[in-house]
Structures are given as structure tokens and as C-alpha cells.
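# Survey of secondary and tertiary structure
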There are 2 protein chains.
Amino acid sequence: MLNPRTIIRILSLILITEGIFMWLSIPVTLIFREHDALQFLLSGAITSGIGAIAYLPVRKSQLELNRRDGYVIVTGGWILFSLFGTLPFLLTRSIPGFTDAFFETISGFTTTGASILSNIEELSHGVLFWRSLTQWLGGMGIILLTLLILPFLGIGGMQLFSAEVPSPTPDKLHPHVKDTAKRLWLIYVVFTLGETLLLWAGEMGLFDAVCHSLTTMATGGYSTKQASIAYWNSPYIHYVITLFMFLAGTNFTLSYFAMHGQFRKIWANEEFRWYLGFIGGFAIVITLGLFFTTGGGLELAFRNALFQVVSILTTTGFVTADYLKWAPWLGVLIFILMYFGGSAGSTGGGPKIMRIVIMLKNSTQELKRMIHPNAVIPVRLNKIAVNESVVTNVLAFIAFYGIIAVISIAIMSVLGNDFDTSVGAVAATLGNIGPGIGGVGPALNYAEIHVAGKWYLSFLMLVGRLELFTVLVLFSPMFWRR
Amino acid sequence: MLNPRTIIRILSLILITEGIFMWLSIPVTLIFREHDALQFLLSGAITSGIGAIAYLPVRKSQLELNRRDGYVIVTGGWILFSLFGTLPFLLTRSIPGFTDAFFETISGFTTTGASILSNIEELSHGVLFWRSLTQWLGGMGIILLTLLILPFLGIGGMQLFSAEVPSPTPDKLHPHVKDTAKRLWLIYVVFTLGETLLLWAGEMGLFDAVCHSLTTMATGGYSTKQASIAYWNSPYIHYVITLFMFLAGTNFTLSYFAMHGQFRKIWANEEFRWYLGFIGGFAIVITLGLFFTTGGGLELAFRNALFQVVSILTTTGFVTADYLKWAPWLGVLIFILMYFGGSAGSTGGGPKIMRIVIMLKNSTQELKRMIHPNAVIPVRLNKIAVNESVVTNVLAFIAFYGIIAVISIAIMSVLGNDFDTSVGAVAATLGNIGPGIGGVGPALNYAEIHVAGKWYLSFLMLVGRLELFTVLVLFSPMFWRR
């Protein structure tokens, strides 16, 4: 029982918005005296125009939303955004092929950062800006999704993600939630501006500072340079970006508390402590590993270790060093980090720290249950017992993640990729990271992947970004049954 | 509140039994006129002697068993068996180093089949027989464990494994269960004899036929030849062994039904249908892959595909072809099979078909739960709703399996192994398979692994064979608390 008019109404509004954002590249092209302003004008006009045409017939229809509409709107919205988002790439001929343009665009909107470009520096400033903007918009979409839409869909376990904010009921959005959304968006904007200023104050020009800030806060990882952040041989730049990747991978509600001086609430958040612990643990081990296996001193080892750990764990995907050239075991540690993900309520992808922690805790509790089989031994988070159905949902999510990864590795290898490349490409796209291992390592890109592989990886980026279930439910026959 | 006297009494009886089995090699050495009869006499005497010395002081103590004693006895039993089982290797100097001897022995008793031997043919017949016997005894131990001990320990989900037999209560073993155990052991013996006769009727000598039958029925995979089953270039031998690997990976209760003509009960068993389906599906795809990428015709492609699929899926580990020399994607499919495992109630290791099926079913049910969040949508197996705590336990088991695999891959890579070898060695030992990928592929062995790596992999074999929880619970502080 879908409500097609409601779906069309919301999706067409989304399209109109996207077209307007495309026009933001026009001043950029004018400032840099480049010649693709017309292409951006046209891209925006087509996108907004089609949106407006679709909107008109349904503009007066009543907004009736049920759970199924929600799933269609979320998945459909991300696909539509990515389809029309290819226009600037195609019309400026920056990326001539549709497959490549779609891959690059959905990689942007899903905040993945996997690129098919082999010479990023040859793109015009307008195109580079649009490419960065896709990630920033994607990140904003994710905040909206986590905070408003997923709780509305009642996705089990998701209530944990916004534990500190009142959940909206399926009937209507609680006004308080709308306020919270506005506040978190404000934090997103303020952080983006703050990072821009700090980078600009350092060795980075204003344009690069803006673009990198847009993609950092989205944990996206698109850079304006082929060498990514390694282009800037500056500890200051590296540490500033590390800091903002860390913030982008933190639950935005906690940043809100920080701004209001409620530091005790931050420390009381168990997921945050684990987030810090995982980053600290991996960074220390890798720092020592790098220090003893490479030259350059302790500071460089620490900076490279911390940057890569934060970048991969938060699923950003910037790089300052090629971890595949490190001692093999250090590369393995980085690869394992690809299966963590950011905090719940952040823009980070992957399974998320929250789910990893619940899985780990349930495992140790299961051992206790074996010694005392008749005792009720719940998983506790923030000192509160977690509902068993939430634990089951979390375990099912992780099982799904594993099943999809395994099937995808088989598919990618059938499409002619070697074992390491298959494993790396799947981990890096499903987890919305960007760089993987093997043929899609940090010094390489996705240009060489077979066309079918690019489409399949695009699908993985979408599935990973929308918390698996949101997309996969559309493949369930029950979903389409009356 | 352990009962040390009970534990010592049972473990010492186990040792006495092991010593007696060592003497079975003496007639073998005499028949082949070899000169290590004395070493086997001595090995058996030491083992049984120490067992008897430990038994005497506790022989009159009352048998008091609780859950904790059970865990200690199972894990302790397998370790003791493996420690004393090294004696024939050490005293005959077939394997001079203790680490290697222990690795080879625990690989036997856990029915893994991972070997450090680079020239198996140079071993005496007595030693080869003992090596094969360790696996057969291990397989017998597993039947005992699955049927009697795990249900007694009340390991959640395990009740599924013996769904067709009445479960023993913690107080005392139901006499009916003892009967069932005897019947299943009888099937184990009859199958071993049957395979011996069929192999002997073919191109295999009696000694090799006996040894391979002992290790097939245990899903162990130790061969008397360095080239494993590829040594015999005989379709007949390959198909016979495929058949018995298949039977060894099937729930033994179903074989009992087959012997009594109750074929309807077999088909009613859902796990068995999935087991057939997985084998059939993978075998067909790999047959086609081999047919189109290698020469040799359809029959050879089918035989090699089916043999390798059954061998890896049932965690036996025999090989007739080096799957790492196939097209990479075929090797990836074989690698994925390493994470399946035999049926519940078989001698196969790994996560087991039953758990994989419950995980898959729960995943699709979770999607349905998202559409109808208020409906109760259970996982059904054999048309019966599975208790939610069992589903949670199964998911926790698989999560544990994944966590252990990831940590182990990190450890193996820190010990200096490359990515593929680390991944392959962990999959092949935790799953009790034997051959892996990378440096421990089917044409290679574990001789080159670092000493610490051999000890760690020995630990993994034990953890995998004893269903994870049984061993890991000993590491829980709660276990040792009064």
C-alpha cells in the first residue's frame, strides 16, 4: 500500500533542491574564470526543472507516509540524487562515460570517496567543488536519516543511535526532534566553517580548504589532489584534518553537549569511550610498528598512524601514507579497521562502533550464560540493559554485513579481480571508506574495475550507507505484497 | 566448585585408553617388519601407566559431575590426548621437535589434518597408522561430545544437533541415549570398514585403505601420501572417498535412519536438504568454471569440483587438485566454503550447516520484521519455530567465530605471515579443515610457520573443534569464581 503521490512529492522536492545546489558551482567557475558556468546552469536547470514538473501534479496531495513509503523514499532519493548528480560531470565532459560518472557521484552522495579519476588535478574548480559538495550533501542526508527517518521506520536497534533525543512517533514528528535536527545541522555547518578557517590559516589555499572541509565532515574523503592529503607535507594540516575526521565520526549529539559545556554527559557515553579506546589502541600499536620498521622518527610514525587509523575507522578515506607499503601486519590491522565504522549518530559508515560493542559484549555475556544457564544476563550499555530484540537485530545486521561481504567478494572475483582486490573493494565500498587493499589500495583507484564491477560496487555503497536493511527490504517479496 | 577427584578419575581413564590404542601400532610394525615396535610399547606404557597412577588414588571416589567439571574434562581431555599422543612421534624420531609433534598430534585429535610433514612417505607404517588413528579417535570423541556431553552442558542451540534423540538431563544419562551413542559408534565403525573394503577393492593397498578410511570418517584428512588423494589417479578411488566424506559430514542419526529404511525422515531433515543444496550448487558452478578454463573434459572437471567442494565443506581436507592453481574466482569460492562446515551431529568441524542456515533464515526474517515490526516472526526449522534464545546463541556463535578469526589473522600477520597465508591458516585451523590458501595451500604445509604461530594455530584447532564456547568459557573470570 504505497502512497505514490507522497513519494513523488518528496522525491521531486529533493530534486529541486539538488538542482539549486548545482548552481553553487557557478560563482566558483566565475571566480576562477573557467568556462563551464553554462554546463552548471544547465545541469541545475534540468534537475530542478524535472523536479518541478514532477511536483506540480502532486503539490496539493495530502502527505500520507507509512513505513513502506519511507523505505522507497530513502533508497529512491539516494539513487535519484546520484543519477542527476552525474550531469555536471557529463556535461563538462570531466567524466565522459555514464558508468564512471554514476560511480563517482554515488560514491560522493554515499560519502564513500572511492574514485575512478586518475588525474584529479585536471578537473575545473567548479567540478571539484561539485564533487566535494556531493559528499557534504550526502553527510547532511545521513544526519537527517539517522535522526528522523530511521527512528520513524522503527528500525530495531536504531533507537540506540539517538538515545539522547526523543524519538519521533510514526504519526508525526515531535517538534523537539525538528529542533534537534536543526541544531545538529548547525553543528555540521559550524564544524565545516571552522575546519575551513583552520586549514586556510595553514598551508592550504581557501578553495582546497573549503573542498576538504566539505568532505571531512561528511567522512567522505574526496580530495582535490590525486595524492590526497599526502600532497601537503605539513604536520599542522594533518593534525587539523585528523581532529575533524575524529569529530565527524563522533555522535553529533555529543558535540552539541560539548558546546554547552556538558562534558560529563560525553564521558558517560559508553560508545564514545570505546571509540576513543579503539582509536587509541590501534594508533599506539601502529605507531610502534611504524617507528621500528621505518625511518623518520616518532612524531612522523605517530602522525601517520593516527591519521590513517582515524581516517579508516571513521570511514573517511583520506590518506597521508600508503599503508600497503608498510610492514604487512600493519596493513592487516588497517584492513581490520575497515570493519569498524564511525559512531552511531555521526556521518561515518560501516557497521558502527555501537554495533561492534554490542556484539563484543553479547559474546562475553554468552559465556556467562553458559555457566549460569538459568540466569538472565543482559547486555548493558550506558549501564542500562539492552532489549533482547535489539541485540538480535544488531547481530542480524552484522551477520547480514558478513553475508553480503562474502557474496560480494565472490562476485567481484568472478568479474576478474584477484583475491586482495575483491576483498579490498568490497570492504571499502560496503563500509563507505574509499581506499581498500590490492588493486584499489590508497595509491590506486577504481578506474580499472570492470563496468559490471563498478555498477555492483555502486550498489554496495548504497546498501552500506543506508544501513543495509533500508535497501534490502525492497528485495523482499513481502514488501511488494498487498 | 570443581570436583577435582571426578575430573582426575575421568581424565586418567581417558589416558589409559589412549595408551592401549597406541599398542595397536605394534602389530602394524611387526607385519611390515619395521623396527619401532619397542617405541610404541613404551609410548603406550608411559601413557597408560601415568593414567593408572593418577587413577588409583581416586578410583573409589564418587562420580560427581557439574557443568564446570564438564568443560574442564572436555578441553583437558583433548589437550592431554594431544600431549601424550606426541610420544610415538617423538620416541620414533619421526618428528623430532616437540612443537611440531604437538601440532601434528592435536591436528589429528581435532580431526583438522594440518600437517608439518614435508615427506610423509618416509614415515614407518606404524607411525602412519598412529597418525591416522589419532583422527579416528578424535572423530569418535566428537560423536560422544555432540551426543552426550554438549547437551549435558546445556550449550544453547546444541539441543538442535541431537533433535532426534532424547536429551540427557544434567542428573544422569538417559539409558536410551547410551543406546543411541552405541548405535552411532557402530555406524562409525561400519562405515570405516565399508570404505576400507571399497578402497581395497580398487587401486588402493589394504594399509592405505585402512588409514584413509580412518581419516575420512573423522573428516580429518590425513593421508599416507604427500600428494594426498591426488596420488591415486583413479576416478573410482576419488568417487568412493567423496561418498564417504559426504557421509562423514552428514548427521549420523540420518545414516541410522537410512539403515532402517526410514528415508522419509531423512528428506524431512531440513539441514540435510541445505547440505545437499550447498554441495550441489557449489559443485555445479565450479564444474562449469573448471570445464571452461581448463582442459580434461567434463567428467574430470565434475570430479575435481565435487571432490574439493565436499572435502572443504565437510572440513575433511583431502585434495585431488590444487585449487590455488585454478582461476582465482574458483579459489575464492573454495575459500568461502571454508566457513560452512559439516552437518550438526557429524564429525565435520566449522560453524556447521545448521548454524549457517539459522543465520540466513534469521536475516530474511529480520527484513520481514522491519515491514511488520509488531508481528512475531520466528525462524522455522523443520517447520518448527526455533526458540529465540537459540537464535541468539547461534548468532553469538557466528559472531565469536568472526571475532576470533579477525584477531587471529592479526596475530598470524604480526608473526610474520603475509595476508593470504594468515587468512588461510586461520580459516583452515579454526574450521578444522587442514589445507588453506597462501603459504598453507593444498600443495604446501605448515612446516614453515613460526614456532609461536604453530602453538597459536594448535589453540585455534582446539577452540574450533570444541565449538568455541567449551574452551573459551575457561578464560572467563566468572568460571573460576567461587
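Residues numbered from 1 in each chain as written. Chains lettered and ligands numbered in written order. Predicted model: local features only at pLDDT ≥ 70, side-chain atom pairs only at ≥ 80, totals over all residues. Heavy atoms only, no water.

### Quick notes on the overall build of chain A
When you go through chain A residue by residue, the secondary structure sums to 21 helices and two strands. The C-alpha atoms of chain A give 22 Å as radius of gyration, which agrees with the globular expectation for 482 residues (23 Å, within 12%). If one aligns the C-alpha atoms of chain A with their principal axes, the spans along those axes are about 70 × 65 × 55 Å. Taking all 482 residues of chain A together, the buried fraction comes to 63%. Of the roughly 18200 Å² that chain A leaves accessible, carbon and sulfur atoms contribute 68%. (Helix = DSSP H or I, 4+ residues; strand = E, 2+ residues; numbered from the N terminus. Rg over C-alpha atoms; globule rule 2.2 N^0.38 Å. Buried < 20%, exposed > 50% of the residue type's maximum accessible area, 1.4 Å probe, protein only. Areas by Shrake-Rupley, 256 points an atom, 1.4 Å probe, with all protein chains shown as cover.)

### Focus on the relation of the copies chain B and chain A
Rotating chain B by 180° and translating it 0.0 Å along the rotation axis places it on chain A, where the RMSD comes to 0.0 Å. These values place the two chain copies in the arrangement generated by a two-fold rotation axis. Take the interface residues of chain B: 100% of them recur as interface residues in chain A, which is what a same-surface contact looks like. (Least-squares fit on C-alpha atoms with pLDDT ≥ 70 in both. Contact = heavy atoms within 4.5 Å.)

### Observations concerning the interface of chain B and chain A
Chain B puts 44 residues into the contact, and the matching count from chain A is 44 residues. With both chains or domains summed, chain B and chain A bury close to 4200 Å², and 79% of this area falls on carbon and sulfur atoms. On the chain B side of the contact with chain A, B:Met370, B:Ile371 and B:Phe419 bury the most area, a combined 17% of that side's loss. Put simply, chain B and chain A have zero salt bridges between them. At the boundary of chain B with chain A, the tally comes to six residue pairs in polar contact (both at pLDDT 80 or more). Contributing elements (two or more residues each) for the side of chain B that touches chain A: helix H4 (67–85), helix H15 (328–337), helix H16 (353–371), helix H17 (388–414), helix H18 (419–430), helix H20 (469–472) and helix H21 (477–480) of chain B. Per-element tally for the side of chain B that touches chain A: the top contributor is H17(B), with 14 residues. The residue makeup of the side of chain B that touches chain A, split by class, is 30 nonpolar, eight polar and six charged. (Buried area = accessible area lost by both parts, 1.4 Å probe. Salt bridge = Lys/Arg side-chain N within 4 Å of Asp/Glu carboxyl O. Polar contact = N/O pair within 3.5 Å; in protein donor to acceptor, adjacent residues only side chain to side chain. Nonpolar A, V, L, I, M, F, W, Y, C, P; charged D, E, K, R; others polar.)

### Things to note about the pattern of salt bridges
Residues and elements named next belong to chain A. Overall, the coordinates contain 18 salt bridges over all chains when judged by the stated rule. The partner of Lys352 in a salt bridge is Glu467, with the nearest N and O atoms 3.1 Å apart. Residue Lys352 is found in the loop between helix H15 (328–337) and helix H16 (353–371), and its partner Glu467 is found in the loop between helix H19 (451–465) and helix H20 (469–472); the two are separated by 115 residues along the sequence. With a relative accessible area of 3%, Lys352 lands in the buried category. Put simply, Lys352, Arg355 and Glu467 are held in one network by salt bridges that share partners.

### Description of a nonpolar patch on the surface
Residue and element names in this part refer to chain A. Taken together, Ile79, Leu83, Phe98, Val451 and Trp455 make up a surface patch of nonpolar side chains, about 400 Å² in accessible area. The set of elements that each furnish at least two residues to the nonpolar patch consists of helix H4 (67–85) and H19. Structurally, the position occupied by Phe98 is in helix H6 (residues 98–109). Owing to a relative accessible area of 39%, Phe98 belongs among the partly exposed residues under this scheme. (Patch = residues over 30% accessible without salt bridge, like charges linked within 9 Å, V, L, I, M, F, W, Y side chains within 5 Å.)

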